[in-house]
Amino acid sequence: QVQLVESGGGLVQAGGSLRLSCAASGRIFSFNTMAWYRQAPGKQRELVAGITRVGSTNYADSVKGRFTISRDNAKNTVYLQMNSLKPEDTAVYYCNAIRNVVDYWGQGTQVTVSS
């Protein structure tokens, strides 16, 4: 049973920074891809950033240059460094992992950016 546990969310002023962490119960190297998604109230869940097993990354256009996804295989943890936060970044952020064709999700962590 795979478990993903997010942490690091909170309330921050616009222009500030947060670092989200996603701790996996298994070896993250076993996952093909790990990613961060977010869902704002009344909106669909959207991909924020992803990282493959070999370290290739991709980002939503709205966060390019501000957010950085990284992974620490030794700690089985994936991070999302979020800088220059904007009110429109307010959402619940979810960690996602894909192994073969199976999706795993964390419970989410709230990020609120005040103007």
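Calculation criteria
Residues numbered from 1 in each chain as written. Predicted model: local features only at pLDDT ≥ 70, side-chain atom pairs only at ≥ 80, totals over all residues. Heavy atoms only, no water. Disulfide = S-S within 2.5 Å. Helix = DSSP H or I, 4+ residues; strand = E, 2+ residues; numbered from the N terminus. Pairing = 2+ DSSP bridges. Axes fitted to C-alpha atoms, helices over the stretch in contact; angles between N-to-C directions. Phe/Tyr/Trp six-rings, centres within 6.5 Å; stacked < 30°, edge-to-face > 60°. Lys NZ or Arg CZ within 6 Å of the ring centre and 35° of its normal. Core = buried A, V, L, I, M, F, W, Y, C linked by side-chain atoms within 4.5 Å. Buried < 20%, exposed > 50% of the residue type's maximum accessible area, 1.4 Å probe, protein only. Contact = heavy atoms within 4.5 Å. Salt bridge = Lys/Arg side-chain N within 4 Å of Asp/Glu carboxyl O.

Enquirer: Hey, could you run me through the state of the cysteines in this one?
Expert: One way to say it: the disulfide is the covalent bond shared by the sulfur atoms of two cysteines. A full pass over the atoms with the stated rule returns 1 disulfide. For Cys 22, the disulfide goes to Cys 95, at an S-S distance of 2.0 Å. One disulfide, between Cys 22 and Cys 95, carries an S-S torsion of -80° and so falls in the left-handed class. Of this pair, Cys 22 sits in strand β3 (residues 18-24) while Cys 95 sits in strand β9 (residues 91-99); the two residues are 73 residues apart in sequence, bridging distant segments of the chain.

Enquirer: What is the right way to read unusual backbone geometry from this model?
Expert: Among all residues save glycine, negative phi is the norm, and among peptide bonds the norm is trans. With phi around 50°, Asn 76 is a residue other than glycine that occupies positive phi space. Take Asn 76: it is sitting in the loop between β7 (67-72) and β8 (77-82).

Enquirer: Can you help me understand the sheet that holds strand β1 (residues 4-7) in this one?
Expert: Pairing between sheet strands relies on hydrogen bonds along the backbone, with the strands arranged either parallel or antiparallel. The antiparallel open sheet is built from 4 strands, whose spatial order is β1-β3-β8-β7. Edge positions in the open sheet fall to β1 and β7, since each of these has one partner strand only. Going across the sheet, the axis of each strand differs from the next one's by a mean of 15°, ignoring polarity. Taken together, the 4 bridges between β1 and β3 define a ladder with antiparallel strand orientation. Each bridged residue has a counterpart across the sheet, and for Ser 7 the counterpart in β3 is Ser 21.

Enquirer: Got a minute to help me understand the packing of aromatic side chains in this structure?
Expert: Each aromatic ring pair is characterised by the separation of its centres together with the angle its planes make. Taken as a whole and judged by the stated rule, the model has 2 aromatic pairs. Sitting over the ring of Trp 105, Arg 45 keeps its end group 4.7 Å from the ring centre.

Enquirer: Where do I start with the nonpolar core in this structure?
Expert: Proteins that are soluble and globular tend to have nonpolar side chains buried together. Counting residues in each nonpolar core, the largest one holds 29 residues, and the members touching the most others are Met 34, Trp 36, Leu 80, Met 82 and Tyr 93. Among the elements of the structure, β3, β4 (33-39), β5 (46-52), β7, β8, β9 and β11 (109-114) are those that each provide at least two residues to this core. With near-sequence residues (within four places) excluded, Leu 80 lies in contact with Leu 18, Arg 19, Leu 20, Trp 36, Val 48, Ala 49, Phe 67, Thr 68, Ile 69 and Tyr 93.

Enquirer: Quick question: what am I supposed to make of the pattern of salt bridges here?
Expert: It is possible for side chains bearing opposite charge to pair when their charged atoms get close. All told, the structure shown has 4 salt bridges when counted by the stated rule. For Glu 46, the salt bridge goes to Arg 38, with nearest N and O atoms at 2.7 Å. Looking at Glu 46, the relative accessible area reads 35%, which means it is partly exposed. One salt bridge in this structure joins Asp 89 and Arg 38, with 2.9 Å as the shortest N-O distance. Separated by 51 residues along the polypeptide, Asp 89 in the loop between β8 and β9 and Arg 38 in strand β4 bring together distant segments of the chain. Salt bridges linked by common partners bring Arg 38, Glu 46, Arg 66 and Asp 89 together as one network.

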